[in-house]
Amino acid sequence: MLTAFHQEALRTFTERVRQITEAQWNHSTPCTEWNVRDLVNHLAGEQLWAPLLLSGLTIDQVGDRFDGDVLGPDPVTRWERVAAEAAAAFSAPGARAGVVHLSYGTRSAVHYLQEMADDLVVHSWDLGRAIEVRTPIPPSLVMSILARYEPRKEELAKSPYFRPALLISDSAPAEARMAALFGRDPNWSAR
């Protein structure tokens, strides 16, 4: 089930990557520190880590090999390749039974898979907004994020990895609630 969630999250992000025009790679994103290329590069870097961490390597053993630009001259093809490699690594027999050594400690591979999938879903919203693609994120992905993180809103606010949640009506659309939960303005527009 979780592997399928991760694969659907990868597909959703990949669909958006394939829609980026040449002129959009420098567009702003709701992640104020990143443009479109930076955002895709961030996610590509995360995917590159997965096979190595799942194989048992530590952060120190991987080192800085994925620092900087990992997309190269053909970012769409590169994204597709690293996404496929990460999906294969998480789907390999026994891959989810172990532990991974992350920057904040040792966690189960299942925890890591969930974290990677969740990041893809939230950043799919960011990328869609940045390139003005309003294709809905699959509702099952969004509702899963809301179920997992809405009860942890106060905990997230204390984390250095998340922006404080924005106030939004409980009756707002699910994608808008997800965006606000992670500190994004649901009305953010590239224009």
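Residue numbers restart at each chain and count upward from 1, following the sequence in its written direction. Owing to the predicted nature of the model, reporting of local features is limited to residues with pLDDT of at least 70; listing and counting of side-chain atom pairs is limited to 80 or more, with chain, interface and lining totals taken over all residues. With hydrogens and water excluded, all non-hydrogen atoms of the structure serve as input to the side-chain values.

A. Seen up close, the packing of helix H5 (residues 109-130) against helix H8 (residues 174-181). Note on geometry: axes are lines fitted to C-alpha atoms, helical ones only across the stretch in contact, with angles between N-to-C directions running from 0 to 180 degrees. Helix and strand definitions here come from DSSP, where helices need a minimum of 4 consecutive H or I residues and strands a minimum of 2 consecutive E residues; each element is numbered from the N-terminal end. Closest axis-to-axis distance for the H5/H8 pair is 11 Å, and the angle between their directions is 105 degrees. Taken together, the axes of H5 and H8 lie roughly perpendicular to each other. Every residue of H8 that contacts H5 at Val-121, Val-122 and Trp-125 is listed here: Glu-175, Met-178 and Ala-179. Only Asp, Glu, Lys and Arg are considered charged in this grouping, and only Ala, Val, Leu, Ile, Met, Phe, Trp, Tyr, Cys and Pro are considered nonpolar; every other residue, Gly among them, is considered polar. The residue makeup of the contact of H5 with H8, split by class, is five nonpolar, no polar and one charged. Small angles under 35 degrees read as roughly parallel and large ones over 145 as roughly antiparallel, with 65 to 115 read as roughly perpendicular and the rest as oblique. It only takes one pair of heavy atoms within 4.5 Å for two residues to be counted as in contact.

B. A look at the pattern of salt bridges. Basic side-chain nitrogens of Lys or Arg form a salt bridge, by our definition, when they fall within 4 Å of a carboxyl oxygen of Asp or Glu. Per the stated rule, a full pass over the model turns up six salt bridges. The salt bridge involving Asp-126 is made with Arg-184; its shortest N-O contact spans 2.7 Å. Here the residue Asp-126 occupies a position in helix H5, and Arg-184 occupies one in the segment after H8, the gap between them amounting to 58 residues. Both residues of the pair, Asp-126 and Arg-184, belong to the buried class. Close ionic contact of Glu-150 with Arg-177 constitutes a salt bridge, the shortest N to O distance being 3.4 Å. Residue Glu-150 is located in the loop between helix H6 (139-149) and helix H7 (153-158), and its partner Arg-177 is located in helix H8; the two are separated by 27 residues in the primary sequence. Partly exposed residues are those whose accessible area sits between 20% and 50% of the maximum for their type, while under 20% is buried and over 50% is exposed, using a 1.4 Å probe and protein chains only. Given the relative accessible area of 30%, Glu-150 is considered partly exposed.

C. Inspection of a nonpolar patch on the surface at higher detail. A cluster of nonpolar residues, Tyr-104, Tyr-161 and Phe-162, forms a patch on the protein surface that exposes about 320 Å² of accessible area. Position of Tyr-104 among the secondary structure elements: in the loop between strand S1 (99-102) and strand S2 (105-108). By relative accessible area, Tyr-104 is classed as partly exposed at 32%. Patch members must show over 30% relative accessible area and no salt bridge, and they are joined within 9 Å when carrying like charges or within 5 Å when they are nonpolar side chains of Val, Leu, Ile, Met, Phe, Trp or Tyr. For the accessible areas, the method is Shrake-Rupley and the probe is 1.4 Å, while residue cover comes only from the protein chains on display.

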